[in-house]
Amino acid sequence: MNVPPMILDVRVAPPDRSPVHVWLPLFLLWPLALALGVLAFVLTILADVVLLLLGQRYHHYTVLVFRAFAAMCETRGMVIRVNDGKTAVDVTVQ
Amino acid sequence: MSEDRARILNMLAEGKISAEEAERLLDALDTRGAAGAAAGAAEPAIKGDPAPLMAALPKYLYVKVSAANGDNVDVKIPIALVRSGLKLTSLIPPQAMDQINSSMSEHGMSVDFSNLKPEDIDELVEALREMEINVDSTNGDKVRVYCA
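The rules behind the values
- Residues numbered from 1 in each chain as written.
- Chains lettered and ligands numbered in written order.
- Predicted model: local features only at pLDDT ≥ 70, side-chain atom pairs only at ≥ 80, totals over all residues.
- Helix = DSSP H or I, 4+ residues; strand = E, 2+ residues; numbered from the N terminus.
- Buried ≥ 20, exposed ≤ 12 C-beta atoms within 10 Å, placed from the backbone.
- Contact = placed C-beta atoms within 7 Å.
- Pairing = 2+ DSSP bridges.
- Nonpolar A, V, L, I, M, F, W, Y, C, P; charged D, E, K, R; others polar.
- Axes fitted to C-alpha atoms, helices over the stretch in contact; angles between N-to-C directions.
- Parallel < 35°, antiparallel > 145°, perpendicular 65-115°, else oblique.
- Left-handed = near helix turned anticlockwise from the far one by under 90°.

Section: the overall build of chain A
Okay, so step 1: From N to C terminus, chain A includes two helices and four strands.
Okay, so step 2: Shown N-terminal to C-terminal, the secondary structure of chain A runs as helices and strands in the order β-β-α-α-β-β.
Okay, so step 3: Relative to its 94 residues, chain A shows a buried fraction of 3%.
Okay, so step 4: Contacts in chain A between residues at least 24 apart in sequence constitute 40% of all its contacts with a sequence separation of at least 6.

Below, the structure is given as structure tokens:
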């Protein structure tokens, strides 16, 4: 089962100030995203059926939404570190 | 020597897998070859638990950029994300794909993602695991792309 990212861990270390460490709770967004996802699912199913009935070659919007969700789930474990010699920024998707 | 066999031996030489895992992989290759020779045989290529073998495979793509002026950028990308992203491209609507292709072409990247087939994607990702790019520019900038 695909599990979406739960926490965005952001660390910023400015040169002349104490480092900032923030955990952004992405899991709080998922109930809202679930509601939007259900709405998107209904709309894309309708769009795909209409496109199919119209004889359009492309009618894969529903699969596209699912694949996009799967890709978003795979972002877990991604780490981005940027350091310009003075300020260091670390972003970790957990 | 087959390409698969050479790949396994390379992984062993680079320390990515142990000698025991290499032996199991080579056995699996032999089993697959024998199974392929016998028509209709549908035995799994790898017997036993494949988890240790899967664990030995690289899981992340690393991109490290080190500029001469001291700027450093390190990005660690799950290979599963690369695979998902490539699979997603095959579902992008044709109109949007045309725009993406033309925009990439304008920036010097003439890659037509609409030609990517699912079987190509798996092959591409597997090949990616062994890829290593090292760029050392004359002004001191360094770029490293590898999987681990």
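After that view, the rundown keeps rolling.
Comments concerning the overall build of chain B
Okay, so step 1: Helix and strand content of chain B: six helices and four strands.
Okay, so step 2: Ordered by position in the sequence, the α and β elements of chain B form the string α-α-α-β-β-α-α-α-β-β.
Okay, so step 3: In chain B, which comprises 148 residues, the proportion classed as buried is 5%.
Okay, so step 4: Summarising the internal contacts of chain B: among those between residues at least 6 apart in sequence, 49% fall at separations of at least 24.

Side note on the pairing of strand β2 (residues 20-25) of chain A
Residues and elements named next belong to chain A.
Okay, so step 1: Among the six residues in β2, zero count as buried, and that is only a small part of the element.
Okay, so step 2: Pairing of strand β1 (residues 7-13) with β2, which is carried by six bridges, proceeds in the antiparallel orientation. Considered in β2, the bridge of Val10 is made with Val22.
Okay, so step 3: Linking β1 to β2, which pair antiparallel, is a turn of six residues.

A short note on the interface of chain A and chain B
Okay, so step 1: If you look at the interface, chain A gives 19 residues, while chain B gives 18 residues.
Okay, so step 2: Elements that contribute at least two residues to the side of chain A that touches chain B include exactly α2 (61-73) and β3 (79-83) of chain A.
Okay, so step 3: Take the side of chain A that touches chain B: its biggest share by element is six residues, from α2(A).
Okay, so step 4: Taken together, the residues of the side of chain A that touches chain B break down into 10 nonpolar, five polar and four charged.
Okay, so step 5: Where β3(A) meets strand β2 (residues 72-78) of chain B, five bridges bridge the pair, whose relative direction is antiparallel. What sits directly across from Ile80(A), in β2(B), is Val75(B).

Looking at the sheet that holds β1(A)
Okay, so step 1: The strand order β2(A)-β1(A)-β4(A)-β3(A)-β2(B)-β1(B)-β4(B)-β3(B) describes an open sheet built from eight strands, whose pairing is antiparallel. Each end of this open sheet is capped by a strand with a single partner; those strands are β2 of chain A together with β3 (132-136) of chain B. Across this sheet, the average inter-strand angle for adjacent strands is 5 degrees, counted without regard to direction.
Okay, so step 2: With six bridges joining them, β1(A) and strand β4 (residues 88-93) of chain A adopt antiparallel strand pairing. Across the sheet, Ala13(A) pairs through a bridge with Ala88(A), a residue of β4(A).
Okay, so step 3: Helix α4 (residues 79-89) of chain B rests against β1 (60-66), β2 and β4 (142-147) of chain B of the sheet, and its axis sits at about 70 degrees to β2(B).

Examining the packing of α4(B) against helix α6 (residues 118-128) of chain B
Residues and elements named next belong to chain B.
Okay, so step 1: Interaxial distance between α4 and α6 falls to 10 Å at its minimum, and their mutual angle equals 155 degrees. The orientation of α4 relative to α6 falls into the category roughly antiparallel. For the pair α4 and α6, the crossing hand works out as right-handed. For the pair α4 and α6, the contacting residues are Ile79, Val82, Arg83, Leu86 and Lys87 in the first and Pro118, Ile121, Leu124, Val125 and Leu128 in the second.
Okay, so step 2: In terms of residue class, the contact of α4 with α6 is made up of eight nonpolar, no polar and two charged.

Re the packing of α2(A) against α4(B)
Okay, so step 1: It is the contact of α2(A) with α4(B), at a shortest axis distance of 8 Å, that shows an interaxial angle of 160 degrees. Here α2(A) is positioned roughly antiparallel relative to α4(B), judged by the angle of their axes. α4(B) is crossed by α2(A), and the crossing has left-handed handedness. In contact with Arg67(A), Ala68(A), Ala70(A) and Ala71(A) of α2(A), α4(B) contributes Leu81(B), Ser84(B), Gly85(B), Lys87(B) and Leu88(B).

Some thoughts on the pairing of β4(A)
Two faces, one strand: in a regular strand the side chains alternate between the faces of the sheet.
Residue and element names in this part refer to chain A.
Okay, so step 1: In terms of strand pairing, β3 meets β4 through five bridges, oriented antiparallel. Directly across from Val79, in β4, lies its bridge partner Thr92.
Okay, so step 2: Between β3 and β4, which follow one another and run antiparallel, lie four residues, and Gly85 among them has a positive phi close to 95 degrees.

Some thoughts on the environment of Arg76(A)
Residues and elements named next belong to chain A.
Okay, so step 1: Along the chain, the position of Arg76 falls in the loop between α2 and β3.
Okay, so step 2: With 18 C-beta atoms packed within 10 Å, Arg76 lands in the partly exposed category.
Okay, so step 3: For the pair Arg76 and Val93, spaced 17 residues apart in sequence, the C-alpha to C-alpha distance is 5.2 Å.
Okay, so step 4: Beyond its immediate sequence surroundings of up to four residues, Arg76 is in contact with Pro5, Val93 and Gln94.

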